[in-house]
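Examination of the molecular architecture
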Amino acid sequence: MVPSEGDDALMKRKADENISDEKRKKKKKNKQVDTPRPACSWVYFSREFIKEYSASHPESSGLKAATKAASDAWKSMSLEEKAKYTRRAREVWDNYLSTAPARATKQRKQTKLVTRCSPGRLFNVLQRLTAEQKDAVRSMGFGSLLSLRCRTLRRSLCLWLLERFNTTRRSLDICGECIPLSPKDVELVMGLTASGKDVVNSGPDDLIADLRHSYNATNHGISVRLLEERLVVPEAGEDFKRSFILYALGTLLSPTARLDVSPSFLHFLTNMDVIHQYNWGKFLLDRLVREVSRYRQGKQRAVGGCLLFLQLFYYETISIEGSKGLAPAGVPCLSSWGEEEITEREKRERELGGYGSGEVICKERCFGIESSEYGGQLDGPPLSKTSTGEHGCVFEQDRNQADEEQLNGDIAVDEVDMPNFLDSRSVVCGDIEVVVDSIRSLCRNKEYGCNETVDYTKNNDHEETCIYAPCSCPLLSCNFVGSSEQLSLHFSSKHWDSGRRFRYNNPLTVSLGMDEEFLVLQAEEDGVLFLLNKGIVESIGNTVMITCISPSSSKVKFLYDVIAGRGISTLRLKSLTENFPGRVEGFPPMDFLLIPSRFLGSFGDLNLEVCIWNSAEYSLDCA
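Residues numbered from 1 in each chain as written. Predicted model: local features only at pLDDT ≥ 70, side-chain atom pairs only at ≥ 80, totals over all residues. Heavy atoms only, no water.

Per an unreviewed UniProt entry, the protein goes by the name E3 ubiquitin-protein ligase SINA-like and belongs to Melia azedarach.

Further remarks concern the packing of aromatic side chains. Evaluated as defined, the whole model comprises 26 aromatic pairs. Seen from their ring centres, Trp160 and Tyr355 are 5.8 Å apart, and the 45° between their planes marks the pair as tilted. Here Tyr355 lies in the loop between α14 (339–351) and β5 (359–360) and Trp160 lies in helix α7 (residues 155–163), a separation of 195 residues in the sequence. Across the pair, Tyr355 and Trp160 agree in class, each one buried. Positioned above the aromatic ring of Trp613, the side-chain terminus of Lys574 is 5.7 Å from the ring centre. (Phe/Tyr/Trp six-rings, centres within 6.5 Å; stacked < 30°, edge-to-face > 60°. Helix = DSSP H or I, 4+ residues; strand = E, 2+ residues; numbered from the N terminus. Buried < 20%, exposed > 50% of the residue type's maximum accessible area, 1.4 Å probe, protein only. Lys NZ or Arg CZ within 6 Å of the ring centre and 35° of its normal.)

In this section: the state of the cysteines. Overall, the coordinates contain zero disulfides when judged by the stated rule. Here Cys473 stays unpaired: no disulfide links it, and the sulfur of Cys478, its closest cysteine neighbor, is 3.8 Å away. (Disulfide = S-S within 2.5 Å.)

In this structure, Phe142, Met190, Phe244 and Phe309 are the most contacted members of the largest nonpolar core, which totals 82 residues. Tallying contributions element by element places helix α11 (residues 238–253) first for this core, with nine residues. Once residues within four sequence positions are removed from consideration, Phe142 is found in contact with Val137, Leu192, Phe244, Ile245, Leu253, Ile275 and Trp280. Phe502, Leu508, Leu512 and Leu600 belong to the second-largest nonpolar core, a separate cluster that totals 28 residues. (Core = buried A, V, L, I, M, F, W, Y, C linked by side-chain atoms within 4.5 Å. Contact = heavy atoms within 4.5 Å.)

Moving on, we come to the pairing of strand β20 (residues 569–576). For strand β19 (residues 559–566) and β20, the ladder comprises eight bridges, and the chain directions are antiparallel. If you follow Arg566 over to β20, its bridge partner there is Ser569. In this structure, the hairpin formed by β19 and β20 is closed by a connection of two residues, where Gly567 is found at a positive phi of approximately 65°. (Pairing = 2+ DSSP bridges.)

Here it is as structure tokens:
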């Protein structure tokens with residue numbers, strides 16, 4: 001019998017179905033190869049309970065009733081009763097972690113930049129400001145934004161820069177060099193001051209409750225459209241100033257991944273008279289590093305921070321053939337780059353083969369340090385050679401004069417690293433003999449904010465008592481070092497989820513795990529950091545003490561109370577904190593509370609009640 005065309009089609013369809021079935025079975029088999037994740041303690045309990053419940057309640061309506069009974073029984077159980085199932089789950093989980101192959105992390109592939117940094121929005125608002133409002137903007141130290149000419153980001157360039165942005169070293173790895181970024185760079189590019197007090201965007205919520213209500217702030221933030229409506233009003237009072245800064249931060253200087261403006265900014269906008277005293281350059285750079293780090297960790301889809309700063313910094317730092325190159329630019333650079341200049345630069349980049357085809361030039365020369373606005377910041381008489389200290393660039397005021405001085409045996413003194421010879425009585429040339437009555441130099445803690453000049457001939461003990469002495473971050477994985485104020489801001493912004501926040505004069509219940517050596521406590525009122533330290537005394541128990549992370553020379557101390565209890569027994573220590581610039585090693589000579597092992601929980605955890613007072617009167621009474 002000869003098969004018909006219909007039979008051929010039927011046979012072909014069956015063959016295709018068999019192939020598809022084999023593929024599905026193979027795919028399902030491959031999926032089953034992976035080791036399943038272990039169950040939690042509730043699952044182990046429910047399995048036993050449901051089995052016993054079903055056997056003892058044959059009249060039950062089935063699995064639903066048994067599960068409901070298991071749930072009720074689980075909720076009524078104590079921690080000691082649940083410990084059996086918790087230990088079993090932990091053992092299975094530890095075994096799973098030790099045997100299961102490590103998962104390969106999926107790298108984020110970014111082909112399109114998503115960001116809330118929008119210079120065009122701020123540009124449109126700036127065009128509508130009145131003369132009085134512009135004066136108000138200048139009075140706050142944001143006058144450089146009035147010269148904003150760029151309206152769009154070059155997203156391809158920003159993506160290219162983000163791939164080469166090292167957030168750990170705060171540098172750009174481009175054109176074969178590692179170019180560090182500093183707050184001073186923000187000042188030169190954006191015109192925002194890089195000196196003054198740190199901007200702290202944290203504190204008690206009750207201090208900004210009225211402001212949150214005024215701006216209809218929700219958990220998502222403050223509406224950008226609401227701020228735009230407020231900026232339309234021609235008045236230039238305090239409400240305008242606050243709304244303008246919020247709008248500038250949310251659209252250009254420090255946008256987050258969300259569409260709205262972060263309400264945490266209200267913390268530093270309670271007193272508008274001190275806005276010009278803040279270090280906005282450092283704040284902008286810190287927020288940029290923070291937002292890029294959060295994006296790379298997969299915590300947000302959009303890239304926050306001021307990407308315009310990175311874009312303009314690249315234009316001014318990298319010279320390409322045919323561009324304006326070393327021609328002096330205006331300060332800040334923000335005023336030198338409009339749409340026409342950027343379009344021409346981008347065109348030339350494409351002609352040369354893409355970004356990174358140029359060479360790194362001396363930033364300060366390109367930025368035009370000689371401008372009258374910033375020239376006054378260079379104190380002291382001009383030297384023949386001055387090292388910038390930032391990128392190793394050397395400027396010669398007069399080449400002929402420098403050559404002549406070199407022949408005569410003169411020494412070029414670095415203004416940053418060498419002491420100031422201010423009271424020199426005589427200098428003998430040729431033999432390099434220098435006689436001085438006093439040698440003065442800046443405090444060694446100048447990089448942490450100290451501006452004092454130390455006279456070493458008078459045995460000045462300033463550095464031993466300097467309040468800017470460096471403190472280190474207590475977390476083992478962090479190498480940050482800075483003044484106590486800088487450390488407070490660093491911890492609240494970088495490690496906000498690695499400690500416990502508390503309020504002075506209010507008891508706080510804390511718990512230290514078996515393997516935890518310390519717990520970081522941060523005061524909500526002033527951001528001061530404390531360490532709840534735990535030591536182990538073999539065969540006896542644990543020691544507990546509280547220290548304040550501040551320079552050892554600091555005379556400020558805090559009264560604290562630590563209570564440990566078990567049943568009717570209570571142990572208590574009331575003492576004053578000692579000051580340490582970081583973690584505490586060993587057993588320093590100070591008060592501590594010795595807690596026997598029987599006070600520990602079932603899993604070796606130590607439960608305590610802690611209270612820290614901020615009143616100086618208590619310290620005086622107990623001293």
